2 protein chains.
Amino acid sequence: MDTKMSSMNNLFNPESVAVIGASENSAKLGFHVMLSLTKGGFPGMIIPINPGSKEIMGLKTFPSITELPYEIDLAIVVLPARMVSAIFEECLAKGVKGIVLITAGFKEIDDPKGTDLHEQLASIVNTTHVPVIGPNTFGMINLHARLNASFTPEFSLLRKGTIGLISQSGGMCHLLSFMAMRDDIGFSKIVGIGNRLNVDFAQMVDYLMHDPDTGVIALYMEGIDRPRELIDTVKTYKDKKPIIAYKTGIGDIGNQASRSHTGSLAGVGEIYSGAFSQAGILALNNVEALLDTAKALAGSPLPNGSGVAILSSQAGPGIAAADICQMGGLNMVSFTQETQDRINDILPPLALRTNPVDMGPAWYDSEAVVGILQAAMRDENVAGILLFMMFASANVDSIKGLSFLLKDRGQKKPLITCLSAPPGIWDEQVKQLEEAAVLVNFSTPERAARVMVNLNRYRSLMIEVPKG
Amino acid sequence: MDTKMSSMNNLFNPESVAVIGASENSAKLGFHVMLSLTKGGFPGMIIPINPGSKEIMGLKTFPSITELPYEIDLAIVVLPARMVSAIFEECLAKGVKGIVLITAGFKEIDDPKGTDLHEQLASIVNTTHVPVIGPNTFGMINLHARLNASFTPEFSLLRKGTIGLISQSGGMCHLLSFMAMRDDIGFSKIVGIGNRLNVDFAQMVDYLMHDPDTGVIALYMEGIDRPRELIDTVKTYKDKKPIIAYKTGIGDIGNQASRSHTGSLAGVGEIYSGAFSQAGILALNNVEALLDTAKALAGSPLPNGSGVAILSSQAGPGIAAADICQMGGLNMVSFTQETQDRINDILPPLALRTNPVDMGPAWYDSEAVVGILQAAMRDENVAGILLFMMFASANVDSIKGLSFLLKDRGQKKPLITCLSAPPGIWDEQVKQLEEAAVLVNFSTPERAARVMVNLNRYRSLMIEVPKG
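Predicted model, so just to flag it, every value in this text is computed and none were measured.

**Q** Is there a simple way to think about the interface of chain A and chain B in this case?
**A** Frequently, the measure chosen for interface size is the accessible area removed from exposure when the parts meet. Tallying the contact residues gives 72 residues for chain A and 71 residues for chain B. Of the roughly 5,300 Å² buried where chain A meets chain B, counting both sides, 62% is carbon and sulfur surface. Summed over the shared surface of chain A and chain B, the number is four salt bridges. Residue Arg447(A) is joined to Glu288(B) by a salt bridge in which the shortest nitrogen-to-oxygen separation is 3.7 Å.

So this is what it looks like as structure tokens:
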């Protein structure tokens, strides 16, 4: 591991953390950072720094980092902007291995003093290999190390998983995390890169590509200072781990004069989307699509072609999904004769037995559903399967048969589903099937279909993009 | 009320219901229909009909409807298709006022016998004013009458509300209902019109326009037999109640030859969308958009213009929403001088104080948030407001101030929000604000922004569409 990687690794996996600006006053961010570390169950040493306190949250508190009798791996800084340069000098003298700088009031403010302070910090830190997350960030979270280095204790409620999120917006990190909590989606790391003193998208992608806990990298960005650096970095890692990105700020907001030129809106969006595609980054256009696609890339194999089969226990959802698949470049395949014969054996002639299959007559019969599903899984024309079933008390027993699939771990084709039921009826079973990596479930057939479209878009990107 | 309306009213508000084909065998639909009626708390008389039983679910059971000593308002029929003609004759002789025909196996099957049976039923029933829902349907639900005339007892879990849903797909009714249960969205009536013997979209729209419990009409359709009839009916009621529609089956599925002509896909979609617009029906293109827009039309005033203000406690969500508003035809207005002065008083210069407003510095301060919100509400340039806040323990107290708005019922502008928090923190407060019709909340800023775009699209339709 080179020095850069090893520095980043220390930043995300510290054995000791000092909170410079820790507080017992709940109106201060230093209070909430302490809460995040302690409630989040960080197993290492937590040291509050505050010259006015002897003890914070039951932990011995020191007046400054300089006076600490221990080594410190990570410093989290929440003091006002004007004090940060001096704190940085102290941190470096103390030999800290990484800094999370939550404090705002640097480059993002109108006052040129902010930019001066930023440059001052950069010149202090860039003589070293010490990576800094921020300034102007909520912080970062490494769920695999139980490290919640942020001012939001609730991030610790997230499940540990393989999605690494790098975001320019703290709001979006909070939003995506709250959505993920409701859907039980797991993350490896969540990083608010803020004003990017020396850790930008490229450095984070570089690190997460080496991070064994991260399988999928999701980016939220509003603007990139050094697009070439990111593009070149990403190309180096082609095919290693999927990268997906959501870019906002494509409209010309607030500029009355150019507002009527809606053509330019699409233009800016397309330029980004094109640059992303050329690098092998899959561009997405809303938080729901970002989270859905990350979840599928983390939990499903990739399709090896564009052929899709839709199996629906009710015609409506199948038809809706077929529209989206066709418009999204997927191929609504014809089944092989063998598959078609098998389906014809199972379903009576009154059902729609070609793709999309209406499994209506098999609504009660889990064996029939599993039989059709297995036939489609084996079909060489089929690269991915969409399965839709609405469960209620009239057919609730048929869901049990689906767990049969749990035993069939050999499947290498994506199975993207919308298994829907009234709250409580089926949530637990779906969760078990997702945890066993048998299927990936979404709340509507259209969301499931769009995910399949995006898996296929990513597959195409990997074929088209040259390695950098 | 004319005969037609009065017949429909009897159908949806019966005092007595007979289940012809009631059963105690849970493998039979007749069992689940009985469960729906009894568990759903229907306050009228429930009479099981089955020649082989004396009692079903504790209720006295009769061998046939003919032998009943009481009058019957509604008959629900779940017997096999071949028996239905005779049952219809019995029902009419008995003087029933409406029929729900759940049985499948008519026009939808390949066998011409199915169409013959359909025609036979039509000729029996069309000498009368008796409306028939179905055949080939899960049934219908009138939540205001606690009538669950379907084979899915869980529909009774839905909240009573003002959205009337008319659907060609039972699967979509189940899906939309399960989604609505999770989001606490209320319905007036849910009707699976199935193969439409004598009650089609036009008849249902006609009835729901007169139904005092219904405020918004949502349609899901795959194909329309008599589009002119629907269009003419809708035009008659212009401006009375909003109608929104989601039409699927626009792709040329399964037709290998025409599949590559993707142009024709868009064409079909556009023809429908154009026809809907001319009638004053708002076209939507997925279940999420259908439900979100129905919820907003049911819970919010309409904007009186296209000017929108975005107030976000974090920059990211505001920027994402601004992109969608601009592309969707909304006008990201400049504030009046009075509003701008007020916002400048509240927010420090380092914040983005123009539209979209970044309320970051007021993140902790509910008085500041309410002050900005009230200024935007009063601004004559602003027709609708998008408000985004992510809450966690660091700022959870600031949400309390928002309930201040509860007292300000005078607001006549839509307030569409994404108030997001970890599960449990804020759900109850959002629900209370929604119930008080103060705001309408969505899980992402993009969904909220798309809803505002759709409210404005509906407003434009009402200006453009001539009254039929």
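**Q** Sorry, what's going on with the side chain of Gln314(A) here?
**A** Relative to the elements of secondary structure, Gln314(A) occurs in the loop between β15 (307-312) and α10 (315-327). Setting aside chain neighbours within four positions, we find Gln314(A) in contact with Asp358(A), Trp363(A), Met389(A), Met390(A) and Gly171(B).

**Q** Would you explain the domain arrangement of chain A in this entry?
**A** Residues and elements named next belong to chain A. Assigned domains within chain A: domain 1 (1-137), domain 2 (158-299) and domain 3 (301-464). One C-alpha centre belongs to domain 1, the other to domain 2, and the line joining them spans 26 Å. Taken together, both faces of the contact between domain 1 and domain 2 bury some 1,500 Å²; the carbon and sulfur share is 61%. Its largest share of buried area at the contact with domain 2, domain 1 owes to Met-5, Met-8 and Phe-12, together 35% of the area lost on that side. At the surface where domain 1 touches domain 2, the tally comes to one salt bridge. Residues Lys-4 and Asp-206 are paired through a salt bridge, measuring 3.5 Å at the closest nitrogen-oxygen approach. Listing elements by their share of the side of domain 1 that touches domain 2, those giving two or more residues are α1 (3-12), α4 (112-125) and β7 (132-133). For the side of domain 1 that touches domain 2, the element with the most residues is α1, which contributes five residues. Partitioned by chemical class, the residues of the side of domain 1 that touches domain 2 number 13 nonpolar, seven polar and three charged.

**Q** Would you mind going over a negative patch on the surface with me for this structure?
**A** A contiguous patch of negative charge, built from Asp110(A), Asp111(A), Asp116(A) and Glu119(A), is present on the exposed surface. Relative to the helices and strands, Asp116(A) resides in helix α4.

**Q** What's the story with the sheet that holds strand β1 (residues 16-20) of chain B in this structure? I'm lost.
**A** Paired through backbone hydrogen bonds, the strands of a sheet run either parallel or antiparallel to each other. Residue and element names in this part refer to chain B. With parallel pairing, the five strands of this open sheet are ordered in space as β2-β1-β5-β6-β7. Since the sheet does not close on itself, it has two edges, and those belong to β2 (45-49) and β7 (132-133), each with one partner. For strand β6 (residues 98-101) and β7, the ladder comprises two bridges, and the chain directions are parallel. Looking across to β7, one finds that Ile-99 is bridged to Val-132. Here helix α2 (residues 29-39) sits on the sheet in contact with β1, β2 and β5 (74-77), set at roughly 165° to β1.

**Q** I would appreciate a short explanation of the packing of α1(A) against helix α6 (residues 201-210) of chain A in the present structure.
**A** Two measures define how a pair of helices packs: the angle their axes make with one another and the distance between the axes. Residues and elements named next belong to chain A. Where α1 contacts α6, the axes come no closer than 10 Å and their chain directions differ by 85°. Classified by the angle between their axes, α1 and α6 sit roughly perpendicular to one another. Residue-level inspection shows Lys-4, Met-5, Met-8, Asn-9 and Phe-12 of α1 in contact with α6, the latter providing Gln-203, Met-204, Asp-206, Tyr-207 and His-210. Classifying every residue of the contact of α1 with α6 by side-chain character gives five nonpolar, three polar and two charged.

**Q** How should the relation of the copies chain A and chain B be read in this particular structure?
**A** The operation linking the two copies of the chain is a rotation about an axis combined with a translation along the axis. Laying chain A over chain B is done by rotating through 180° and shifting 0.0 Å along the axis; what remains is an RMSD of 0.0 Å. Each copy turns onto its partner about a two-fold axis. Mapped onto chain B, 99% of the interface residues of chain A again fall at the interface, so both copies present the same surface.

**Q** What is the right way to read the pairing of strand β6 (residues 98-101) of chain A from this model?
**A** The side chains of a regular strand alternate, residue by residue, between the two faces of the sheet. All names here are of chain A. Every second residue of β6 is oriented toward a common face, with Gly-98 and Val-100 on one face and Ile-99 and Leu-101 on the other, all of them buried. Where strand β5 (residues 74-77) meets β6, four bridges bridge the pair, whose relative direction is parallel. In the strand pairing of β6, Val-77 is matched with Leu-101. Read as a crossover between parallel neighbours, the route from β5 over helix α3 (residues 84-94) to β6 is right-handed. Remark: the β6/α4/β7 crossover connection has right-handed handedness.

**Q** What's the story with the nonpolar core in this structure? I'm lost.
**A** In globular proteins that are soluble, nonpolar side chains generally tend to be buried together. Ranked by size, the top nonpolar core spans 218 residues in total, and within it Met204(A) and Met204(B) carry the most contacts. Setting aside residues up to four positions removed in sequence, Met204(B) forms contacts with Met8(B), Phe12(B), Ile133(B), Ile166(B), Val191(B), Ile193(B) and Val199(B).

Calculation rules
Residues numbered from 1 in each chain as written. Chains lettered and ligands numbered in written order. Predicted model: local features only at pLDDT ≥ 70, side-chain atom pairs only at ≥ 80, totals over all residues. Heavy atoms only, no water. Contact = heavy atoms within 4.5 Å. Buried area = accessible area lost by both parts, 1.4 Å probe. Salt bridge = Lys/Arg side-chain N within 4 Å of Asp/Glu carboxyl O. Helix = DSSP H or I, 4+ residues; strand = E, 2+ residues; numbered from the N terminus. Domains from an automatic or database assignment. Nonpolar A, V, L, I, M, F, W, Y, C, P; charged D, E, K, R; others polar. Patch = residues over 30% accessible without salt bridge, like charges linked within 9 Å, V, L, I, M, F, W, Y side chains within 5 Å. Areas by Shrake-Rupley, 256 points an atom, 1.4 Å probe, with all protein chains shown as cover. Lys, Arg positive; Asp, Glu negative; His and termini not counted. Charge placed at Lys NZ, Arg CZ, Asp CG, Glu CD. Pairing = 2+ DSSP bridges. Axes fitted to C-alpha atoms, helices over the stretch in contact; angles between N-to-C directions. Parallel < 35°, antiparallel > 145°, perpendicular 65-115°, else oblique. Least-squares fit on C-alpha atoms with pLDDT ≥ 70 in both. Buried < 20%, exposed > 50% of the residue type's maximum accessible area, 1.4 Å probe, protein only. Right-handed = clockwise from strand over helix to strand, strands pointing away. Core = buried A, V, L, I, M, F, W, Y, C linked by side-chain atoms within 4.5 Å.

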